[in-house]
Amino acid sequence: RSISCFRLLASLPYMSILPGDVAAMRSADAIKSILEEQSRSQRSLAIDLGLTPQALDQRLKSKTMKVETLCQTAAQLNYSVKLVPNNGGESIEIEG
């Protein structure tokens, strides 16, 4: 599975979730969607990331998320972050 970014912005707020239907959403919304899909709580993710539940909640409420933070969070959910060119060329995986 991968999270591919439509645009690489400093905050990286938009992405699409593949496979399946492609939908643009903020990174925090994508993480929440994955948690729901996996029937997993934000608390369990926070613990796996070494954060308090409050700290993770604060990250998810923020309008922006650092690429490194997104990569680390995605990895805990068994996802990876990739840049995918609009022309269908080869993607580049981003490591956190």
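See the structure printed just above.
Residues numbered from 1 in each chain as written. Predicted model: local features only at pLDDT ≥ 70, side-chain atom pairs only at ≥ 80, totals over all residues. Heavy atoms only, no water.

Draft legend 1. Layout of unusual backbone geometry. Positioned with a positive phi, S39 is a non-glycine residue whose angle comes to about 50°. Note on placement: S39 falls in the loop between α1 (27-37) and α2 (42-49). For N78, which is not a glycine, the phi torsion comes out positive at approximately 65°. Following the sequence through the fold, N78 ends up in the loop between α4 (67-76) and β4 (81-83). Classification of N78 by relative accessible area gives exposed; the value is 65%. (Helix = DSSP H or I, 4+ residues; strand = E, 2+ residues; numbered from the N terminus. Buried < 20%, exposed > 50% of the residue type's maximum accessible area, 1.4 Å probe, protein only.)

Draft legend 2. The nonpolar core, seen in detail. Grouped together as the largest cluster of nonpolar side chains are 15 residues, with contacts concentrated most on I31, L45, L60 and L77. Sorting elements by how many residues they give to this core places α1 first, with four residues. The contacts of L77, once residues within four sequence positions are left out, are I31, I34, L35, Q38, R40 and L45. (Core = buried A, V, L, I, M, F, W, Y, C linked by side-chain atoms within 4.5 Å. Contact = heavy atoms within 4.5 Å.)

Draft legend 3. Examining the packing of α2 against α4 more closely. Across the interface, α2 lies against α4 with an axial gap of 10 Å and an inter-helix angle of 110°. With respect to their mutual orientation, α2 and α4 come out roughly perpendicular. Between α2 and α4 lies a crossing of right-handed hand. Across from L45, D48 and L49 in α2, the residues of α4 making contact are Q72, T73 and Q76. Considering only residue class, the contact of α2 with α4 consists of two nonpolar, three polar and one charged. (Axes fitted to C-alpha atoms, helices over the stretch in contact; angles between N-to-C directions. Parallel < 35°, antiparallel > 145°, perpendicular 65-115°, else oblique. Left-handed = near helix turned anticlockwise from the far one by under 90°. Nonpolar A, V, L, I, M, F, W, Y, C, P; charged D, E, K, R; others polar.)

Draft legend 4. Structural context of the packing of α2 against helix α3 (residues 53-61). In the contact formed by α2 and α3, the axes pass within 8 Å of each other and the chain directions differ by 105°. With respect to each other, α2 and α3 are oriented roughly perpendicular. The segment α2 lies against α3, with Q42, R43, L45, A46 and L49 engaging P53, L56, D57 and L60. The residue inventory of the contact of α2 with α3, partitioned by class, reads six nonpolar, one polar and two charged.

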